[in-house]
Amino acid sequence: MRLTEILSPDSVKVPLTATTKQEAIFELVDQLVQVMGLEKSRDELRNNVWQREQTRSTGIGHNVAIPHGKCKVLSRLAMAVGKTAAPMEFGSIDGKPVEIIFLLASPMDQNGPHIQALASISRMLTDPVMRNSIRAAQSAEELYEVITQYEAKVAT
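First, a word on what this report is: a plain description of the structure on this page. Remember, it's a predicted structure, so these values are computed and weren't measured experimentally. (Residues numbered from 1 in each chain as written. Predicted model: local features only at pLDDT ≥ 70, side-chain atom pairs only at ≥ 80, totals over all residues. Heavy atoms only, no water.)

Here we look at the overall build of the protein
Scanning the protein for helices and strands turns up five helices and six strands. When the helices and strands of the protein are listed from N to C terminus, the series reads β-α-α-β-β-β-β-β-α-α-α. Computed over its C-alpha atoms, the radius of gyration of the protein comes to 14 Å, within 12% of the 15 Å expected for a compact globule of 156 residues. With respect to the principal axes defined by its C-alpha atoms, the protein has extents near 40 × 35 × 25 Å. Counting the 156 residues in the protein, one finds 48% classified as buried. Taking the contacts inside the protein whose residues are at least 6 apart along the sequence as the reference set, 70% of them involve residues at least 24 apart. Within the structure as shown, the protein displays about 7600 Å² of accessible surface, and the carbon and sulfur contribution to it stands at 51%. (Helix = DSSP H or I, 4+ residues; strand = E, 2+ residues; numbered from the N terminus. Rg over C-alpha atoms; globule rule 2.2 N^0.38 Å. Buried < 20%, exposed > 50% of the residue type's maximum accessible area, 1.4 Å probe, protein only. Contact = heavy atoms within 4.5 Å. Areas by Shrake-Rupley, 256 points an atom, 1.4 Å probe, with all protein chains shown as cover.)

Comments concerning the packing of helix α1 (residues 21-36) against helix α2 (residues 42-55)
Any two packed helices are characterised by how steeply their axes cross, that is the angle between the axes, and by the distance between the axes. It is at 10 Å that the axes of α1 and α2 come closest, and there the two elements cross at 145 degrees. The interaxial crossing formed by α1 with α2 has right-handed handedness. Here α1 contributes K21, Q22, I25, F26, V29, D30 and V33 to the contact with α2, which in turn contributes R42, L45, R46, V49, W50 and E53. (Axes fitted to C-alpha atoms, helices over the stretch in contact; angles between N-to-C directions. Left-handed = near helix turned anticlockwise from the far one by under 90°.)

Looking at the packing of aromatic side chains
Going through the model one piece at a time under the given rule, you end up with one aromatic pair. Arranged with centres 6.4 Å apart and planes meeting at 70 degrees, the rings of F26 and W50 form a pair that is edge-to-face. Within this pair, whereas F26 is found in helix α1, its partner W50 is found in helix α2, the two being separated by 24 residues in sequence. In this structure F26 comes out as buried when scored by relative accessible area, which is 16%. (Phe/Tyr/Trp six-rings, centres within 6.5 Å; stacked < 30°, edge-to-face > 60°.)

A look at the nonpolar core
Counting 26 residues, the largest nonpolar core has M79, F102, M124 and I134 as its most contacted members. Looking at this core, the element that brings in the most residues is helix α5 (residues 140-155), giving six residues. Among residues more than four places away in sequence, those in contact with M79 are L3, I6, L7, S11, L32, F102, L103, L104 and I121. Ranked by size, the runner-up nonpolar core spans 23 residues in total, among them V49, C71, A78 and M88. (Core = buried A, V, L, I, M, F, W, Y, C linked by side-chain atoms within 4.5 Å.)

Given below as structure tokens:
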């Protein structure tokens, strides 16, 4: 799965204004809700992602988190990406703060695309050069372009 199939340039935010894990998750949910025109489902998606985060941190290590949740009104998988203004405590498995957050929102009845997106994100982030390129992005446009260029490179 190409991440740019589920990520629009308007769903990227650099830097996030949030200073806590919950604020960062809600800020990305709000970004996605606005882009997709799902304002009536904002609370549902916020609650679902936050409840999932409460069960176990989605801080996967290497300064990255992938919070996720499901929403009744979604017809397809969607993603928002944010870069924090400063490293943020997230309860990550490696104990390091988070700087890059990939938020996934999926329909209630679909697991396959969600798993494919997680695999694509993981593959992309195993490359330390790619992680550093994302960290170095100074704007939402730059971060989206980093992901676009990476996908073009691995597709060839």
